[in-house]
Amino acid sequence: MIERPETAVPSIAQRNLEGYVGFANLPNQVYRKSVKRGFEFTLMVVGESGLGKSTLINSLFLTDLYSKDYPGPSQRIKKTVQVEQSKVLIKEGGVQLTLTIVDTPGFGDAVDNSNCWQPVINYIDSKCEDFLNAESRVNRRSMPDNRVHCCLYFIAPSGHGLKPLDIEFMKRLHDKVNVIPLIAKADTLTPEECQLFKKQIMKEIQEHKIKIYEFPDTEDDEDNKLIRKIKEKMPLAVVGSNVVIEVNGKKVRGRQYPWGVAEVENGEHCDFTVLRNMLIRTHMQDLKDVTNNVHYENYRSKKLAAVTCNGVDNTKTKGQLTKSPLAQMEEERREHVMKMKKMEAEMEQVFEMKVKEKKQKLKDSEAELERRHEQMKRNLEAQYKELEEKRRVYEDEKANWEAQQRILEQQKLDASKTMEKNKKKGKIF
Amino acid sequence: MAANEVDVFAHEEKRNLELGGHVGFDSLPDQLVSKSVAQGFCFNILCVGETGIGKSTLMNTLFNTTFENEEASHYQSEVQLRPQTYDLQESNVNLKLTTVHTVGFGDQINKEESYKPILEYIDAQFERFLEEELKIKRSLFNCHDTRIHICLYFIAPTGHSLKSLDLVTMKKLDSKVNIIPIIAKADTVSKSELDKLKIKIMSELVSNGVQIYQFPTEDEAVAEINTSMNTHLPFAVIGSVEEIKMGNKMVKARLYPWGSVQVENENHCDFVKLREMLLRVNMEDLREQTHTRHYELYRRCKLEEMGFKDTGPDSHSFSLQETYEAKRKEFLVDLQRKEDEMRQMFVNKVKETEAELKEKEKELHERFEQLKRMHQEEKKNLEEKRRELEEEMNAFNRRRVAAETLMGQALQGCSQQPFKKDKDKKK
């Protein structure tokens with residue numbers, strides 16, 4: 001089931017109005033403006049050729065979209081799957097609708113149909129891409145909405161179940177566009193066969209977890225009852241016709257058989273009216289809204305997530321996605337600044353430590369050298385002192401001895417003088 | 001497989017086709033409207049005016065209810081904005097109304113900065129919306145739109161024209177928000193004075209290039225009434241929640257000794273015109289203008305500021321992805337550059353300091369070499385002196401020994417001589 005986004009309901013003060021104010025006219029203002037703007041809708045039809053796609057389109061819009069002058073794709077020869085778009089402008093009751101029908105001729109017609117869905121996916125993505133680019137421009141002007149709002153998938157009325165191609169296609173596209181499966185050429189099935197076929201298809205759809213378009217519940221109980229009835233008829237079995245036949249005096253669109261007329265707009269014959277009512281009269285706007293709010297947003301967020309996670313590790317948490325890529329870059333920038341600051345602080349620390357170490361070493365060696373120098377100095381001083389002492393001793397000794405010598409000399413002199421005296425005196429015989 | 005490799009065959013012309021019956025898409029506007037009604041509407045009004053000019057009263061009168069408000073004092077140091085949100089319902093329409101009042105506007109002595117908080121508030125709401133719009137996972141339809149859709153500028157009915165504060169403020173705001181100027185407390189102005197005042201105000205606005213909101217005249221349904229209303233601007237309004245009995249009805253009025261001024265009497269004031277224009281006729285247009293004109297302008301300026309362009313230097317138009325990728329590359333290069341710069345700075349610092357320290361080491365060694373040399377010198381000196389001493393000592397010793405030997409000899413001779421003498425004597 002397609003996930004519908006929830007609406008947040010904050011608590012705000014209520015106020016009662018005590019008289020006429022006038023903003024109840026707002027819806028009328030919205031109505032008027034929307035009519036003035038006009039509407040756009042893009043419908044894609046996919047299915048093998050010959051299933052009556054072009055006829056159904058003509059029947060749905062009661063116009064000759066495909067006619068002799070503008071032949072439908074089935075009438076043309078093609079070799080590969082192509083994607084063709086036709087734009088028409090239709091008016092009704094003052095409302096202008098620019099309708100784009102996208103056809104896929106060649107789908108499922110080849111012998112080897114592998115990847116035949118790829119052109120379809122590419123087309124849908126390219127329209128989303130165009131819208132994304134237009135939305136992201138600096139100078140935005142009116143953005144035409146060419147995104148595919150609805151894809152009608154035609155199932156061949158085999159009566160047995162879905163073909164592998166059907167399953168593969170729907171699985172690949174249910175995340176990109178609103179898929180509505182239809183049983184084509186339903187006038188080849190009896191009501192009972194049709195019932196069984198529908199049940200089988202729905203069972204297979206559920207088994208393969210294919211998310212087809214779901215009708216939203218409304219607040220109105222009456223409407224909800226109708227919606228439930230429609231849901232029971234899914235997938236819708238349709239019949240289309242370009243021919244108007246007269247039945248019981250009425251002019252109706254139908255297919256003339258020898259055994260009767262299968263009327264397109266007869267609810268007992270097929271589900272065409274249900275389809276038309278649902279597609280055009282009641283849920284066209286919802287299809288556009290789901291395309292805008294769900295499928296397009298999916299595309300966009302995947303695209304932008306790829307851009308921002310470019311080159312960054314993919315282990316980022318989901319919380320990253322709640323920011324814009326720019327905010328994310330800002331945050332990365334801030335993180336980087338912090339990282340750099342830390343790195344800077346670390347480097348500073350290491351640097352300071354190394355410097356301190358070196359300075360300390362220098363200091364130590366200085367101290368060591370000083371110490372040694374001191375020691376040597378003291379050593380030298382000690383030696384000096386010793387020498388001084390020695391000299392002093394020597395000087396003393398010398399002085400003493402010299403003094404002694406002088407005394408002795410004096411004595412000698414005295415003695416010799418006395419002897420001389422004595423000699424002179426003749427005391428000596 | 002790239003998206004632009006699709007082989008698309010398109011019928012170029014958009015054909016007009018006739019419908020062969022009732023298809024039913026004329027219900028599209030109804031579908032759109034019922035969705036909008038189910039979702040509810042948002043409307044945000046900003047009231048700018050001096051304290052006591054009647055902003056809260058007018059809001060109460062316009063919406064026929066009582067909104068919370070405290071009376072503001074005149075002593076606010078700066079202008080503040082006070083937003084309040086209410087859920088209103090009329091028939092099946094739910095309206096989330098936010099009223100923002102400027103508190104303290106016009107009270108300060110220096111009013112040069114008065115417009116700034118208002119501008120900042122308006123920009124902040126745009127910024128909030130833009131942020132949501134730029135997120136990767138976003139919920140735009142869910143987001144409560146807080147952008148200001150209309151600014152009611154209350155002009156005091158005192159002077160003969162606009163005050164300079166009014167002109168300055170309106171000029172600053174006119175490119176950011178839809179402005180409807182209104183003359184407040186219109187019951188203090190007489191009819192003739194009022195006409196003169198209106199003309200004066202409008203001509204001043206025009207001559208100063210202030211762009212006020214013009215009621216749209218393109219839609220035929222409302223063109224006539226809008227064109228006529230455009231000529232009655234600025235609206236002279238009175239607000240009152242008190243009711244008095246007139247005839248058999250209760251009407252909102254202000255009671256004076258000389259008569260009663262009825263709010264909803266078009267002869268007395270333009271209140272009804274304001275209500276018509278603002279709520280009944282042009283509410284959706286106000287919302288649209290805010291989104292497609294004012295918000296787009298803000299967004300464009302903001303993106304250009306951030307360096308986004310639509311076309312490259314060779315006028316090749318950028319896709320969103322290219323733009324983001326380019327920005328990202330730039331950003332990563334910038335980060336890398338900063339990192340390299342820092343590393344380089346460190347390498348330089350390390351080199352410098354290493355050189356410094358080496359210098360110091362060299363100095364230290366030199367110093368000690370010097371000291372060593374000095375030391376060696378001293379040692380040499382010491383050695384010299386020692387040798388000297390040794391020599392002197394040796395010389396002295398030799399002398400002593402010589403002297404002692406001589407003395408020894410002399411003594412011997414002396415001791416022999418007396419012997420001889422005795423011998424001589426004996427003969």
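About the thresholds
Residues numbered from 1 in each chain as written. Chains lettered and ligands numbered in written order. Predicted model: local features only at pLDDT ≥ 70, side-chain atom pairs only at ≥ 80, totals over all residues. Heavy atoms only, no water. UniProt positions renumbered as here; feature names shortened; annotations may be inferred. Contact = heavy atoms within 4.5 Å. Buried area = accessible area lost by both parts, 1.4 Å probe. Salt bridge = Lys/Arg side-chain N within 4 Å of Asp/Glu carboxyl O. Polar contact = N/O pair within 3.5 Å; in protein donor to acceptor, adjacent residues only side chain to side chain. Helix = DSSP H or I, 4+ residues; strand = E, 2+ residues; numbered from the N terminus. Nonpolar A, V, L, I, M, F, W, Y, C, P; charged D, E, K, R; others polar. Pairing = 2+ DSSP bridges. Axes fitted to C-alpha atoms, helices over the stretch in contact; angles between N-to-C directions. Buried < 20%, exposed > 50% of the residue type's maximum accessible area, 1.4 Å probe, protein only. Patch = residues over 30% accessible without salt bridge, like charges linked within 9 Å, V, L, I, M, F, W, Y side chains within 5 Å. Areas by Shrake-Rupley, 256 points an atom, 1.4 Å probe, with all protein chains shown as cover. Lys, Arg positive; Asp, Glu negative; His and termini not counted. Charge placed at Lys NZ, Arg CZ, Asp CG, Glu CD.

An unreviewed UniProt entry annotates chain B as Septin originating from Perca flavescens. Reading the Sequence similarities (unreviewed entry) entry of the UniProt record for chain B gives the comment "Belongs to the TRAFAC class TrmE-Era-EngA-EngB-Septin-like GTPase superfamily. Septin GTPase family."

The name given to chain A in an unreviewed UniProt entry is Septin, and the organism recorded there is Perca flavescens. Under the Sequence similarities (unreviewed entry) heading, UniProt states for chain A: "Belongs to the TRAFAC class TrmE-Era-EngA-EngB-Septin-like GTPase superfamily. Septin GTPase family."

**Q** Can you tell me about the interface of chain A and chain B, naming the residues and giving the values?
**A** Size of an interface: often given as the accessible area lost when the parts come together. On the side of chain B, 129 residues touch chain A, which itself brings 133 residues to the contact. Between chain A and chain B, roughly 13400 Å² of surface is buried when both sides are summed, and carbon and sulfur atoms account for 61% of that area. For aspartate 286 of chain A, the salt bridge goes to lysine 35 of chain B, with nearest N and O atoms at 2.9 Å. Here chain A is connected to chain B by 41 residue pairs in polar contact (both at pLDDT 80 or more). Per element, the largest residue contribution to the side of chain A that touches chain B is 39 residues, and it comes from helix H9 (residues 325-425) of chain A. The class makeup of the residues in the side of chain A that touches chain B is 58 nonpolar, 36 polar and 39 charged.

**Q** Describe the sheet that holds strand E3 (residues 41-48) of chain B, listing the residues and the values that go with them.
**A** With mixed pairing, the seven strands of this open sheet are ordered in space as E1(A)-E4(B)-E5(B)-E3(B)-E6(B)-E7(B)-E8(B). Looking at the sheet topology across the chains shown, the edges are occupied by strand E1 (13-14) of chain A together with strand E8 (235-236) of chain B. In this sheet, strand E6 (residues 150-155) of chain B lies alongside E3 of chain B in parallel orientation, the contact comprising four bridges. Residue pairing in the sheet places isoleucine 45 of chain B in a bridge with isoleucine 150 of chain B of E6 of chain B. Against the sheet, helix H8 (residues 283-305) of chain B contacts E3, strand E5 (93-103) and E6 of chain B, and its axis sits at roughly 80° relative to E3 of chain B.

**Q** Tell me about unusual backbone geometry, residues and numbers included.
**A** Backbone geometry follows two general trends: most residues other than glycine have a negative phi, and most peptide bonds adopt the trans configuration. With an omega of -10°, the peptide bond between methionine 234 of chain A and proline 235 of chain A qualifies as cis. Residue position: proline 235 of chain A is located in the loop between helix H6 (221-232) and strand E7 (236-237). Residue leucine 233 of chain B is joined to proline 234 of chain B through a cis peptide bond whose omega torsion reads -10°. Tracing the backbone through its elements, the reader meets proline 234 of chain B in the loop between helix H6 (220-230) and E8. The phi angle at asparagine 115 of chain A is positive, at roughly 65°, despite the residue not being glycine. Its place among the elements puts asparagine 115 of chain A in the loop between strand E4 (95-103) and helix H3 (118-136). You can call asparagine 115 of chain A partly exposed: its relative accessible area is 47%.

**Q** Hey, could you go over a negative patch on the surface for me, with residue numbers and the actual values?
**A** Residue and element names in this part refer to chain B. On the surface, Glu359, Glu363, Glu366 and Glu369 cluster together into a negatively charged patch. You can see glutamate 366 is positioned in helix H9 (residues 320-426). Note on glutamate 366: relative accessible area 52%, which makes it exposed.

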